[in-house]
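# Topology and contacts: notes
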Amino acid sequence: MHAIAVKEMKKRFGDVEAVKGVSFAVRSGELFGLLGPNGAGKTTTINMLTGLARPDAGTIAIGGIDCTGSLKAAQHLIGIVPDESNLYPELTGFENLCFCAALYGMRRSEREARASELLETFGLAKAAARKFGGYSKGMKRKLTIAAGIIHHPAILFLDEPTTGIDVASVRQIRQFLADLHKAGTTIILTTHYIEEAERLCDRIAFIVDGRIVTIDSVANLMQPIQERQEVLLAISNSVTGLCTELASAFPAQAFEAVSPGQIRVESTQPVRLGPLVRFLEDKGVEVTEARKARPSLEDVFIRITGLGAETMRKEKEKAGGGK
Ligand SMILES: Nc1ncnc2c1ncn2[C@@H]1O[C@H](COP(=O)(O)OP(=O)(O)OP(=O)(O)O)[C@@H](O)[C@H]1O
């Protein structure tokens, strides 16, 4: 049985068709990533799956339960970590968690024990008695995750869990998600950090402009580019038309000027540096460094979506870090 099965789900906000008919299924125990740039429709998709937005069309099943009209029957199965925290600033960390536990009908002793356990897990025990409103961004995100799993949900939805927070918290959250995944929880994660998706997810759906453009395992997505060789050459100075000249001199390789001081060489054969360096020297260009690049999911994303590395980098910067 699938933990989640979505068919032809759509959502429009006025003139904006935010989600244009997405279909996918998440296996039980899977860590599934929805990856895409800002405005792609990730949050809207998650909101429809968690009952925060009503789809205009399509069907949703969660844990085998038809949730198309209402999520009520599957509510106990899911945990939600929204991108903006829904916790109360005037309550302490401990009180917030106990309050959430009470909403799930947990008994007092049970909820206090669970709240203390989760505060410990996330390194927040010392801040347990402090008001949530005074927490740092990273602490807020961690407590929001703790609140989302207070009732041991079988399926956890997280919307951009590592965006805009400090590096130490990012590491802690990623490790926590990996542990939760190992323990068997189904996790659906939205992110626009390609390397985060590559590191954590079993399968990834690339979502662009309201549509899923591809869904596959990280290994399968990476397979076509694994055999490809890529070398980055740092050069002392650039000369007009250098890449065109290189391409005609070395037709088995592809050349791209990634910046004025850097050329990317791509080939399906091992790249021989000697002839390249000599050719460039003859043109008055010195190679100051040659580095073999590891193929990454970012390359796959760029190939499939047509979105350039620069676009994704800008998206990351806009998001305010998280690395
Ligand atoms: N409540 C709303 N009212 C109007 N338009 C909306 C609303 N929510 C989302 N949209 C629009 O729908 C599109 C998809 O937005 P969504 O937030 O789902 O994207 P996203 O992939 O989660 O982006 P981000 O990474 O920035 O969070 C965008 O064009 C957005 O402006």
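Residues numbered from 1 in each chain as written. Predicted model: local features only at pLDDT ≥ 70, side-chain atom pairs only at ≥ 80, totals over all residues. Heavy atoms only, no water.

Per an unreviewed UniProt entry, the protein chain goes by the name Sulfate-transporting ATPase. What UniProt states about the protein chain under its Sequence similarities (unreviewed entry) heading is, verbatim, "Belongs to the ABC transporter superfamily." (UniProt positions renumbered as here; feature names shortened; annotations may be inferred.)

### Some remarks on the nonpolar core
Membership of the largest hydrophobic core comes to 50 residues, with the highest contact counts inside it found for L97, L143, L158, I204, F206 and L297. Beyond its immediate sequence surroundings of up to four residues, L158 is in contact with V81, I145, L177, I187, I188, L189 and T190. By size, the runner-up hydrophobic cluster in this structure holds 28 residues, among which are A53, I62, C67 and A205. (Core = buried A, V, L, I, M, F, W, Y, C linked by side-chain atoms within 4.5 Å. Buried < 20%, exposed > 50% of the residue type's maximum accessible area, 1.4 Å probe, protein only. Contact = heavy atoms within 4.5 Å.)

### Concerning a nonpolar patch on the surface
On the surface, Y88, F99, L103 and Y104 cluster together into a nonpolar patch covering about 410 Å² of accessible area. Checked against the element boundaries, Y104 lands in the loop between α2 (93-103) and α3 (108-121). The class for Y104 is partly exposed, based on a relative accessible area of 38%. (Patch = residues over 30% accessible without salt bridge, like charges linked within 9 Å, V, L, I, M, F, W, Y side chains within 5 Å. Areas by Shrake-Rupley, 256 points an atom, 1.4 Å probe, with all protein chains shown as cover. Salt bridge = Lys/Arg side-chain N within 4 Å of Asp/Glu carboxyl O. Helix = DSSP H or I, 4+ residues; strand = E, 2+ residues; numbered from the N terminus.)

### Focus on the pairing of strand β2 (residues 16-27)
Bridge count for strand β1 (residues 2-13) against β2 is nine bridges, and the pairing is antiparallel. Bridge pairing in β2 places K10 opposite K20. (Pairing = 2+ DSSP bridges.)

### Regarding the sheet that holds strand β13 (residues 262-267)
Ordered in space as β12-β13-β11-β14, the four strands form an open sheet in which the pairing is antiparallel. Looking at which strands have only one partner, the edges of the open sheet turn out to be β12 (254-259) and β14 (287-292). Going across the sheet, the axis of each strand differs from the next one's by a mean of 25°, ignoring polarity. The sheet contact formed by strand β11 (residues 229-235) and β14 spans five bridges and is antiparallel. (Axes fitted to C-alpha atoms, helices over the stretch in contact; angles between N-to-C directions.)

### A closer look at the domain arrangement of the protein chain
Domains assigned within the protein chain are domain 1 (2-223) and domain 2 (229-292). Taking only C-alpha atoms into account, the centre of domain 1 sits 44 Å from that of domain 2. (Domains from an automatic or database assignment.)

### Here's the deal with the sheet that holds strand β6 (residues 78-81)
If you trace the six strands from one edge of the open sheet to the other, you get β6-β7-β8-β3-β9-β10, paired in mixed fashion. At either margin of the open sheet sits one strand with a lone partner, and together these are β6 and β10 (211-217). Taking each pair of neighbouring strands and ignoring which way they run, the sheet shows an average axis angle of 15°. Here four bridges tie β6 to strand β7 (residues 155-159), and the two strands are oriented parallel to one another. Bridge pairing in β7 links V81 to L158. Against the sheet, helix α5 (residues 167-182) contacts β3 (31-35), β7 and β8 (186-191), and its axis sits at roughly 150° relative to β8.

### Points about the layout of surface pockets
Space inside the second largest pocket adds up to approximately 360 Å³. Surrounding the second largest pocket, 17 residues form its lining, I80, N86, C100, L103 and Y104 being those nearest its centre. Contributing elements (two or more residues each) for the lining of the second largest pocket: β6, α2 and α4 (137-148). Looking at the lining of the second largest pocket element by element, the count peaks at four residues for α2. Its residues assigned to classes, the lining of the second largest pocket comprises eleven nonpolar, six polar and no charged. (1 Å grid on protein atoms, 1.4 Å probe; cavity = no way out; pocket = protein on both sides within 12 Å on 5 of 7 lines; lining within 4 Å. Points joined across faces, edges and corners; volume = space filled by probe spheres on them. Nonpolar A, V, L, I, M, F, W, Y, C, P; charged D, E, K, R; others polar.)

### Brief notes about the pattern of salt bridges
Applying the stated criterion across every chain yields a total of 13 salt bridges. E17 is the salt-bridge partner of R12, the closest N and O atoms lying 3.8 Å from each other. The salt bridge partner of E245 is K283, with a shortest N-O separation of 2.7 Å. Of the two residues, E245 sits in helix α8 (residues 242-249) while K283 sits in the loop between α9 (273-282) and β14, which places them 38 residues apart along the sequence. Using a relative accessible area of 28% as the deciding quantity, one classes E245 as partly exposed. Through salt bridges with shared partners, one network takes in R27, E30 and R203.

### Brief notes about the packing of α4 against α5
It is the contact of α4 with α5, at a shortest axis distance of 10 Å, that shows an interaxial angle of 15°. Our classification of the angle between α4 and α5 gives roughly parallel. Like other packed secondary-structure pairs, α4 and α5 cross with a definite hand, here left-handed. Between α4 and α5, the residues in contact are G138, R141, K142 and I145 and S169, Q172, I173 and F176, respectively. Grouping the amino acids of the contact of α4 with α5 by side-chain chemistry returns three nonpolar, three polar and two charged. (Parallel < 35°, antiparallel > 145°, perpendicular 65-115°, else oblique. Left-handed = near helix turned anticlockwise from the far one by under 90°.)

### Focus: the side chain of S217
On the secondary structure map, S217 appears in strand β10. When sequence neighbours within four positions are dropped, the list of residues in contact with S217 reads D202 and R203.

### Brief notes about unusual backbone geometry
Backbone geometry at E8 places phi at a positive 50°, although glycine is not the residue there. Of note, E8 is situated in strand β1. A positive phi angle, close to 50°, is found at E160, a residue other than glycine. Tracing the backbone shows E160 in the loop between β7 and α5. Residue E160 is classed as buried on the basis of its relative accessible area, which comes to 10%.

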